[in-house]
Amino acid sequence: MVKNKNIGERLSRSSTCKTKKAGSQIASSMEQTPLDDPVDSDIPAISPELQTTGQGQLGFPDRVYLLASVIFQNNHLEKPAAHRLVNYGKERGLPLPEVKDEEKQRTAYELAFNTLKYQELLEDIMIDSCFYLTQPVPDDQMSLVAVMLYDFQDRKFLPRECHSAEAIMQEVRDVESYLLRFKTKLAASLARCRIKHDLLSIECILPESVKTKQDRSSSLPLYAWVNMLKSSVDEVQRVLKSAGFSQVKSIGQLEGQTFCQDPHCGNLMVLPAQLKAQLYSTKLLSDHKLIIQDKSCSLGPNAVCSMLPEESDVLMAGCFSSLTVSHTASLIAGKHKVNGNNPPTVYVCVSDRTDAQREELQQTVTAMGCKNVKLIPEDLQSLNRGDKRLQRVHVILLTPKCSVSAVSNPVEFILQENGDTDLLQDLSQGSIAQSKLEALVAQQRKDIDQALKFPNILAVVYSTCSSYPEENEEVVHRALEQAKARSEQEGEPKQANFRISPSPFSSPDHAKGLKETDTFFMLEPSEESNGCFLAVLNREPEPVVKETPHEVLERANAKGILERIGSNHQLTRKEQHGHTNRRTKTSHARTSQPHISVSIQSKHQENKGSSSTSLCGHHKFTNKQQSLQGKPKALHLQASKNTESSSSFSSSSSKQENSTLKKITTPVFNITTSTSTLHPAPLPATPLDLVVRPRRAHQEVLKPVVLVLPPVHFPNFVPPQHSRRGFSPSFSYNKWRTPVQTVPLSRSSLSKDTMLKSRPLF
């Protein structure tokens with residue numbers, strides 16, 4: 001902060017310092033050019049071209065000049081000692097004086113920014129007029145001289161109108177008296193500089209990019225978004241129309257008391273900048289139903305809201321204002337309020353905010369009616385991927401610090417969005433220093449790399465207000481390459497694949513300055529809006545892998561579910577011997593006593609047979625009536641004898657059979673009710689001898705299945721036949737059909753238990 005000093009100390013130190021620098025030049029200049037009398041001297045007429053801002057007022061309060069001088073002191077261009085004409089002292093990084101009035105703060109920053117733009121010209125005027133060499137102003141007060149000199153020439157060297165109610169700053173009044181006494185020589189020096197550089201106005205000395213931005217800033221319209229928690233788009237439009245505003249279709253038609261809807265964001269209203277006072281009269285601003293904010297800050301929240309899944313939260317990180325947080329929270333809450341769901345939570349990283357800034361953010365969010373905002377004291381880099389607070393976070397809105405090179409009114413934007421004021425000096429000259437740009441890019445790369453590392457994140461919205469490709473496309477492409485390389489190194493390529501999604505905004509034909517490709521959304525700065533860059537990175541869904549039957553068998557065999565199915569290794573001698581014995585026993589059992597078999601046959605066998613097969617009970621009947629009539633007693637004995645064994649089979653082998661049949665459908669199994677065991681049968685058309693063994697040691701819990709026991713068929717019973725050709729086996733059962741002529745059976749020939757257990761279970 002600038003310190004007050006008495007006049008005596010200032011005179012002695014200034015005389016000593018400047019005598020060393022100028023020598024005898026001070027005495028000669030004082031003898032030849034006496035000081036101007038502020039009362040009697042005539043002020044030469046200054047042409048209107050000298051005005052650079054056209055403020056229409058005569059001066060500012062003392063506190064504004066003092067704050068502007070500190071801002072200039074901290075950001076002025078420091079030249080090498082050999083080329084330094086004016087010395088501003090060695091102190092930099094001074095604390096800013098406290099100014100609670102936002103309008104005064106904005107005015108001070110604008111004044112300091114304009115002084116930075118004309119620093120070279122103002123120094124030439126102070127040297128050419130001998131003001132710097134003759135006036136008793138210490139070096140650490142020269143920042144105040146530069147700021148007040150710019151304002152002095154901007155108001156045509158007219159005296160300032162002082163108000164009695166404002167606080168008096170003595171150092172400001174002292175510098176003002178020096179400038180008034182030297183006003184004639186200062187005006188003459190300015191005229192000589194214009195002639196020397198052939199300038200129609202002092203604006204012509206500025207770089208072309210700075211002049212272009214300055215012209216655009218004067219014609220930018222006013223953007224304001226609708227708070228969906230307190231109002232709606234229809235209500236706001238109705239209030240504006242009742243207040244005398246008329247709605248037009250496009251921004252180019254804005255003239256007079258009109259408004260229109262933004263072509264990209266549906267909840268964004270656009271009005272002429274000069275109607276701000278009339279907008280306050282509608283109470284839409286005071287009731288927090290309509291919020292004034294730049295359009296470039298509204299694209300990110302709208303993009304997040306359009307892609308946020310149900311029951312998902314949002315994480316915000318980077319450089320943004322409390323208005324951006326409120327806009328994001330209100331859009332999401334309003335969207336889910338319509339769906340009848342609880343609003344998702346918006347987590348905000350505020351590690352770089354002071355306690356006062358955090359309190360201001362909380363107050364703003366509360367005033368907007370947002371109840372779904374939670375502040376996180378950590379920054380994005382220090383957040384743990386397994387943080388319990390972020391388990392439902394699926395979208396990240398990343399707005400890192402950038403060069404603000406695509407903004408035409410950088411001062412207003414930086415103040416509203418908590419931007420970096422250290423960029424004011426670079427922006428005043430139309431380009432960013434390479435060292436600062438590299439530092440910004442390095443931080444942006446770290447932030448986006450960290451955002452892509454969270455496993456639950458489905459989308460990342462990256463937004464800047466820069467016109468440099470190094471901060472936009474190059475950062476995004478490098479981040480995707482880093483994420484892909486990292487995932488391949490970790491062995492999980494499916495978990496970290498991101499791709500650039502198309503823009504979520506439409507591109508109307510009448511929108512000017514828009515560059516929309518299949519990857520990025522870029523809005524070039526124009527007279528209708530500031531520029532911005534937006535990229536949406538979506539996580540790619542995991543591809544569906546279609547496995548061949550052979551691969552399924554190999555995977556099942558590797559897990560131990562099926563043994564040696566699909567493998568090509570030869571059986572050992574013991575295995576061959578055991579396999580031969582099992583075949584012998586099976587053939588012996590088939591010839592020793594009759595049985596009922598259930599077969600799962602291949603498609604080739606289905607086409608040859610006269611009836612189709614079923615997985616759980618579709619039977620193949622060939623000459624059934626003759627076989628059953630020939631052996632009625634054997635059927636009776638077999639059914640009564642195996643009543644107990646059938647129940648044990650249904651409980652023990654159903655899980656094995658179901659597990660096996662789910663994994664493979666080609667082998668043929670014979671289930672014999674007399675032995676209640678599972679016998680693998682070799683395939684006639686395949687060279688491999690597939691063997692299925694029941695699992696002994698390892699058991700798995702499988703899902704319950706429907707098991708249908710084979711029904712007992714009586715003489716003269718004809719089963720239903722499937723008429724459709726190629727009928728595939730399915731889970732069904734044969735229904736009983738009342739025969740035309742039934743043979744009465746005695747209770748002695750067929751027991752009650754046998755009949756109960758032979759009928760279908762369902």
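What counts, and where the lines are drawn
Residues numbered from 1 in each chain as written. Predicted model: local features only at pLDDT ≥ 70, side-chain atom pairs only at ≥ 80, totals over all residues. Heavy atoms only, no water. Helix = DSSP H or I, 4+ residues; strand = E, 2+ residues; numbered from the N terminus. Buried < 20%, exposed > 50% of the residue type's maximum accessible area, 1.4 Å probe, protein only. Contact = heavy atoms within 4.5 Å. Areas by Shrake-Rupley, 256 points an atom, 1.4 Å probe, with all protein chains shown as cover. Axes fitted to C-alpha atoms, helices over the stretch in contact; angles between N-to-C directions. Parallel < 35°, antiparallel > 145°, perpendicular 65-115°, else oblique. Nonpolar A, V, L, I, M, F, W, Y, C, P; charged D, E, K, R; others polar. Left-handed = near helix turned anticlockwise from the far one by under 90°. Core = buried A, V, L, I, M, F, W, Y, C linked by side-chain atoms within 4.5 Å. Phe/Tyr/Trp six-rings, centres within 6.5 Å; stacked < 30°, edge-to-face > 60°. Arc of directions from axis to C-beta. Polar contact = N/O pair within 3.5 Å; in protein donor to acceptor, adjacent residues only side chain to side chain. Pairing = 2+ DSSP bridges. Expected span 1.5 Å × (residues − 1). Salt bridge = Lys/Arg side-chain N within 4 Å of Asp/Glu carboxyl O. pLDDT = per-residue confidence, 0-100.

## Examining the overall build of the chain
When you go through the chain residue by residue, the secondary structure sums to 26 helices and 17 strands. A total of 762 residues make up the chain; the buried ones form 46% of that total. Counting only contacts in the chain whose residues sit at least 6 apart along the sequence, the fraction spanning at least 24 positions is 76%. Total accessible area on the chain is roughly 40200 Å²; 52% of this is exposed by carbon and sulfur atoms.

## Quick look at the packing of helix H4 (residues 102–117) against helix H7 (residues 142–154)
Across the interface, H4 lies against H7 with an axial gap of 9 Å and an inter-helix angle of 90°. Regarding the angle of H4 to H7, the classification is roughly perpendicular. Residue-level inspection shows Leu111, Asn114 and Thr115 of H4 in contact with H7, the latter providing Ala146, Val147, Tyr150 and Asp151. When grouped by side-chain class, the residues that make up the contact of H4 with H7 number four nonpolar, two polar and one charged.

## Section: the packing of helix H18 (residues 434–451) against helix H19 (residues 473–490)
Contact pair H18 / H19: the axes reach a minimum separation of 10 Å and the direction vectors enclose 45°. When the axes of H18 and H19 are compared, the pair comes out oblique. The element H18 and its partner H19 pack so that their crossing is right-handed. In this structure, H18 contributes Val441, Gln444, Arg445, Ile448 and Asp449 to the contact, and H19 contributes Val475, Val476, Arg478, Ala479, Gln482 and Arg486.

## As for the nonpolar core
Counting residues in each nonpolar core, the largest one holds 93 residues, and the members touching the most others are Met126, Leu315, Val476 and Leu537. Those residues in contact with leucine 315 that lie beyond four places of it in its chain are Tyr347, Cys349, Ile376, Leu380, Leu383, Val393, Val395, Ile396 and Leu397. Counting residues in hydrophobic clusters, the runner-up holds 39 residues, among them Val348, Leu361, Met368 and Phe505.

## Overview of the packing of aromatic side chains
According to the stated counting rule, one finds seven aromatic pairs in the structure shown. The interplanar angle of 75° and the centroid separation of 5.7 Å between the aromatic rings of phenylalanine 131 and phenylalanine 182 together place this pair among those described as edge-to-face. Remark: phenylalanine 182 occurs in the loop between helix H8 (170–181) and helix H9 (183–197) and phenylalanine 131 occurs in helix H6 (residues 131–134); sequence separation between them is 51 residues. Each member of the pair phenylalanine 131 and phenylalanine 182 is classed as buried. Residues tyrosine 462 and phenylalanine 533 carry aromatic rings whose centres are separated by 6.4 Å and whose planes lie at 75° to one another, so their mutual orientation is edge-to-face.

## Comments concerning helix H10 (residues 208–217)
Buried within H10 we find Val210, Lys213 and Gln214. Buried residues of H10, viewed axially, fall in a sector of 100°; they line one side. In this structure, the buried residues of H10 make contact with H4 and helix H17 (424–429).

## Looking at the side chain of glutamine 450
Mapped onto the fold, glutamine 450 is located in helix H18. Not counting the four nearest positions on each side in its chain, glutamine 450 is found in contact with Leu380, Gln381 and Leu383.

## Some details on the environment of asparagine 372
With respect to the secondary-structure elements, asparagine 372 resides in the loop between helix H15 (355–367) and strand E8 (373–376). Once the C-alpha coordinates of asparagine 372 and serine 330 are considered, the two residues, 42 residues apart in sequence, prove to be 8.7 Å apart. When neighbours within four sequence positions are excluded, asparagine 372 is seen to be in contact with Ala329, Ala333, Pro343, Pro344, Thr345 and Val346. In terms of polar contacts, asparagine 372 uses its side chain to reach the backbone carbonyl oxygen of proline 344, at 2.9 Å.

## Let's talk about the pairing of strand E3 (residues 258–261)
Here is the key point about a regular strand: its side chains alternate between the two faces of the sheet. In terms of strand pairing, strand E2 (residues 246–247) meets E3 through two bridges, oriented parallel. Looking across to E3, one finds that glutamine 247 is bridged to phenylalanine 259. Pairing geometry for E3 and strand E4 (residues 268–271), over two bridges, is antiparallel. Each bridged residue has a counterpart across the sheet, and for glutamine 261 the counterpart in E4 is methionine 269. In textbook terms, the turn of a hairpin is the stretch between consecutive antiparallel strands, and for E3 and E4 this stretch comprises six residues.

## Quick look at helix H3 (residues 62–75)
Here H3 is 14 residues long and its end C-alpha atoms lie 20 Å apart, about the 20 Å a rise of 1.5 Å per residue gives. Buried residues dominate H3, accounting for 13 of its 14 residues.

## Brief notes about the environment of arginine 478
With respect to the helices and strands, arginine 478 occurs in helix H19. Residues arginine 478 and isoleucine 448, 30 residues apart in the sequence, show an inter-C-alpha distance of 9.7 Å. In contact with arginine 478, other than residues within four places in its own chain, are Arg445 and Asp449.

## Things to note about unusual backbone geometry
Positive phi is not limited to glycine here, since glutamate 311 has a value of about 55°. For glutamate 311, the position within the fold is in the loop between helix H13 (299–307) and strand E6 (313–318). Given the relative accessible area of 62%, glutamate 311 is considered exposed. If you check the backbone angles, asparagine 418 has positive phi at about 55° while not being a glycine. Assignment of secondary structure puts asparagine 418 in the loop between helix H16 (410–416) and H17.

## Details of the pattern of salt bridges
With the rule as written, the count across this model stands at 17 salt bridges. For the salt bridge of lysine 289 with glutamate 235, the shortest nitrogen-to-oxygen distance reads 3.2 Å. Residue lysine 289 is found in the loop between helix H12 (276–280) and strand E5 (290–292), and its partner glutamate 235 is found in helix H11 (residues 233–242); the two are separated by 54 residues along the sequence. We note a salt bridge from lysine 295 to aspartate 262, for which the minimum N-O separation is 3.1 Å. Here lysine 295, found in the loop between E5 and H13, pairs with aspartate 262, found in the loop between E3 and E4; they are 33 residues apart in sequence, far enough to count as distant. We classify lysine 295 as buried; its relative accessible area is 4%. Three or more residues joined by partner-sharing salt bridges are found here, namely Asp62, Arg160, Arg173 and Glu176.

## Quick word on the confidence of the model for the chain
Averaged over every residue, the pLDDT of the chain is 74; the share at 70 or more is 63%. In the model, residues 1–56 has pLDDT below 50 throughout and makes 93 contacts with residues more than four positions away in sequence or in other chains. Per-residue pLDDT stays below 50 along residues 565–576; that stretch engages in 16 contacts with residues further than four places along the chain or on separate chains.

## A closer look at the sheet that holds E4
Here five strands make up an open sheet; going across it, the order is E2-E3-E4-E1-E5 and the pairing mixed. This sheet does not close on itself; its edge strands, each paired only once, are E2 and E5. Across three bridges, strand E1 (residues 222–226) lies against E5 in antiparallel orientation. Bridged to alanine 224 within E5 is isoleucine 292. Across the sheet, H11 lies against E1, E2, E3, E4 and E5, angled at about 165° from E3, the strand it touches most.

## Description of the environment of leucine 398
By the secondary structure assignment, leucine 398 is in strand E9 (residues 393–399). Beyond its immediate sequence surroundings of up to four residues, leucine 398 is in contact with Ala317, Leu380, Asp447, Ile448, Val461, Tyr462 and Ser463.

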